[in-house]
Amino acid sequence: MTVTIEQIPRGPLPAWVFDHSIQQAIDPRSRDEGGPSRLLFLHSGSLARDRFLSLVIDQIGIVDRTNHLTLGGLIKKLFADFREPRVLSSNPALEQTIHRLMQVKASELAFPVLHPHPDWEWPITKTRNLLELDSVLRFQHTSLEVLEEHLSGLHSVLDIVEKQLNGTHPNRLLPRLLEALLDEKRIAFTLEHLDGIVLLDQPPTLMPIHAEIIRAISSRVPIHQLCHSGSHRLGMHGWLLEDIPPVKTLDDLPDWIPPHSIGCQDPDVSLHRIHVRKNGESSAALGRLVSQAINSGIEDILIVHPNGVELPRSHLDQLKSLGHQSSRGTIPLRGSPFVHWLAAAVSLSHGEDGFSLERILALAVQRTVRIFNPEDVESHPVWDNFSPIPDRESLEALARDRRLIGGAGVLGDWLRALSADVDNAQEKRLEATQWWFLNLLGAMRPILDEMDVQVLMDESNHVGCSSGKLLPFEIVEGTPDEWLDRVVGMIDHAALPSRFDGTIEDGVVGLQTLLSAVSSLRENEQAVGLSSVLEPREWRDQIISMIESAELQNKSKSVGRFTICSPQEALGCHADLVIILDLLADNWD
């Protein structure tokens, strides 16, 4: 292992790093041919790397990005070099596949402490907690013997998943890479042509497994680490690869590092603290500060907030007034209007609030997703031009007068209340509501529990409360997956602009994300030998869990004169003006 450490001052990277990056980009010759050393610069984070590369590109117009990586990027390239099975995507489909296998293992008492009875239900939270525990232990570089002793049931499931899906579970990526790096017979092509690696400042909280990977790399390629000495007593210091003395003179530098002056004296940087009387006033102070900086000619402004780009709305409004268009971070998949109302339909009969007034009204007033098509409903047996349209006041009055609350068995109470005789003042509105509810339930037959289906099939509940005639409606047959396809197929794209609730782009992307996740799950289930879920309650659990855990990624970029980031992202960055916001105990740990 060949490691040297050089202490550098706060502020921008040393000039020789920038100069050598330019020389390396314009001179393709190797060091033996008289060219510059072929160095790999390992940056603190993606934001620091991008900001550094933008300076190089401004100077020469082009740069080889493969020579500037983050630790995460290098890990991906090395894993590919070793021809290891592809890393499985950490998505809801993979989580649900593992969960179903864990349910099987739990029924076989593979987790005697957590699950001592085979007939007990194994919830998704237990699967997530065990996966998280396994991930944490691996990040801490826990020995394999300890993992096998305490998580053998989980590991047997991961073995099945990896074998049948022909991939590597994300939890096993780093340990498997470390094992490959320690095997001298295996070649890492990414490292073969390098004269050395320049490791830029890393956070002191670097995970032990990452530290071991860097040490294993140093046994193949020499590493020269640049770090800020700071103060270990105050916790203001960078992570050290090895506890060795830093270089003091030019003679201490490796021969593959360009000669340069060595110094770690911090420059004088002006620090200003702006106190506000109330937390809500910080946004106005931010607006004034940024506006003044722009007017004074400062072009590079870095805004650091605990939440990163997810700034409070008041802060974003201030920056927007200055011409900044911020990018949206990830949002929950339920934030997609299509997915939101699909989840509302799936949840209508689910859980302790099943068929509650709130859930019924939510489906009654929305116009984004159609569970059934009113145009396909047969004509009313008595009145012409009469449609199944829900009436909010009628539903609220019934719920109030009949004490109708959510829960098991309440569907029968709703249907009996709707079919009861009423006075003339509200008879037609109530029968229209009753007819709408029957059509809704008939269309949702594939995802209703058997107890609710039996109540629905009782013809005494089909009699109109006013007309006294059987109300016609279709009872849809099929599997839950077929029901989902049917509802998606009923989306009227031509009418979307006039009846859509939300942003159409988010709606379409969210719907595609959900359908892709369901399709991937079914493929995974088939690969590991599991049949698709047909029982309605289990299917609803599965779909709702996937919706709750999935996210919509933002592909747009910020447009503005300043950069917003989190403290973790700010490491390694330099700017003319750095603004740190909301220094409160609730925000900073």
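Look up: the structure comes first, before these words.
Chains are numbered independently. Their residues run from 1 in the order of the written sequence. The predicted nature of this model means local features are confined to residues of pLDDT at least 70 and side-chain atom pairs, given and counted, to a pLDDT of 80 or more, with totals for whole chains, interfaces and linings taken over all residues. To obtain the side-chain values, all non-hydrogen atoms of the structure were included, while hydrogens and water were left out.

Colleague: Before we go on, may I ask you to explain the pattern of salt bridges in this structure?
Modeller: Any Lys or Arg side-chain nitrogen located within 4 Å of an Asp or Glu carboxyl oxygen qualifies as a salt bridge. Following the criterion strictly, the structure yields 25 salt bridges and no others. With a closest N to O distance of 3.9 Å, Glu121 and Arg537 form a salt bridge. Remark: Arg537 occurs in helix α22 (residues 536-549) and Glu121 occurs in the loop between α4 (92-107) and α5 (124-139); sequence separation between them is 416 residues. For each residue, the accessible area found with a 1.4 Å probe, counting protein chains only, is set against the maximum for its type, and the residue is called buried under 20%, exposed over 50%, and partly exposed in between. Overall, Arg537 belongs to the partly exposed group, its relative accessible area being 35%. Between Arg334 and Glu548 there is a salt bridge, with the nearest N and O atoms lying 2.5 Å from each other. A run of H or I in DSSP counts as a helix once it spans at least four residues, and a run of E counts as a strand once it spans at least two, with each numbered from the N terminus.

Colleague: So what exactly am I meant to see when it comes to the sheet that holds strand β3 (residues 68-70) here?
Modeller: Neighbouring strands of a sheet are bound in pairs by backbone hydrogen bonds; such pairs are parallel or else antiparallel. Spatially, β1-β5-β4-β2-β3 is the arrangement adopted by the five strands of the open sheet, whose pairing is parallel. Two strands bound the open sheet, and with one partner strand each, they are β1 (3-7) and β3. The average angle at which neighbouring strand axes cross in this sheet is 25°, direction not considered. Its contacts with the sheet place helix α3 (residues 71-81) against β2 (39-43) and β3, and it is angled at close to 95° to β3. Contact definition: two residues touch when any of their heavy atoms are within 4.5 Å. Whenever a helix is involved, its axis is fitted only over the stretch in contact; in every case the axis is a line through C-alpha atoms, and angles between N-to-C directions fall within 0 to 180 degrees. The sheet contacts of helix α10 (residues 208-218) involve β1, β4 (196-199) and β5 (223-227), and relative to β5 the element is tilted by about 135°. By this definition, two strands are paired if DSSP reports at least two bridges between them.

Colleague: How should the pairing of β4 be read in this particular structure?
Modeller: Looking along a regular strand, one sees the side chains alternate between the two faces of the sheet. Burial along β4 is two-sided: Gly196 and Val198 facing one way and Ile197 and Leu199 facing the other are all buried. Inspection of the sheet shows β2 paired to β4 by four bridges, in the parallel sense. Bridge pairing links Phe41 to Val198 in β4. Summarising the sheet, β4 and β5 pair through three bridges and their orientation is parallel. Of the residues in β5, the one forming a bridge with Val198 is His224. For the handedness criterion, the strands are oriented away from the viewer, and a crossover whose path from the first strand over the helix to the second runs clockwise is classed as right-handed. One crossover worth recording links β4 to the parallel β5 by way of α10, and it is right-handed.

Colleague: Before we go on, may I ask you to explain the packing of α4 against α22 in this structure?
Modeller: How two helices sit against one another is set out by the angle between their axes and by the gap between those axes. Where α4 meets α22, the axes come as close as 9 Å, and the angle between the chain directions of the two elements is 140°. As the angle between them shows, α4 and α22 are arranged oblique. Remark: the crossing between α4 and α22 carries right-handed chirality. Contacts between α4 and α22 involve Pro92, Ala93, Glu95, Gln96 and Arg100 from the first element and Gln542, Ser545, Met546 and Ser549 from the second. Each residue gets one of three labels, nonpolar for Ala, Val, Leu, Ile, Met, Phe, Trp, Tyr, Cys and Pro, charged for Asp, Glu, Lys and Arg, and polar for the others, Gly among them. Here the contact of α4 with α22 is built from residues that sort into three nonpolar, four polar and two charged. Oblique is the label for every angle not falling under 35 degrees (roughly parallel), over 145 degrees (roughly antiparallel), or within 65 to 115 degrees (roughly perpendicular). Here a crossing is called left-handed whenever its near helix is offset anticlockwise from the far helix by less than a right angle, and right-handed whenever the offset is clockwise.

Colleague: Explain helix α12 (residues 313-320) to me, please; I cannot follow it from the model alone.
Modeller: A turn of α-helix holds 3.6 residues, and therefore any two residues three or four places apart point the same way. Within the span of α12, buried status applies to His315, Leu316 and Leu319. The arc that holds the buried residues of α12, viewed along the axis, is 95°, so those residues lie on one side. α12 presents Arg313 and Lys320 as exposed residues on the side facing more than 90 degrees away from its buried surface. Looking at the buried side of α12, the elements it contacts are α11 (282-295), β6 (301-304) and β9 (562-565). Directions are taken from the helix axis to each C-beta atom, and the arc is the one they span.

Colleague: Is there a simple way to explain the nonpolar core in this structure?
Modeller: In globular proteins that are soluble, nonpolar side chains generally tend to be buried together. Residues grouped as a nonpolar core are buried Ala, Val, Leu, Ile, Met, Phe, Trp, Tyr and Cys residues, joined through side-chain atoms within 4.5 Å. Ranked by size, the top nonpolar core spans 69 residues in total, and within it Phe355, Ile371, Trp414, Phe437, Leu440 and Trp483 carry the most contacts. Every residue in contact with Ile371, bar those within four places of it in the chain, is listed here: Ala345, Leu440, Ala443, Met444, Trp483, Arg486, Val487 and Met490. Leu181, Ala188, Leu199 and Ile217 belong to the second-largest nonpolar core, a separate cluster that totals 34 residues.

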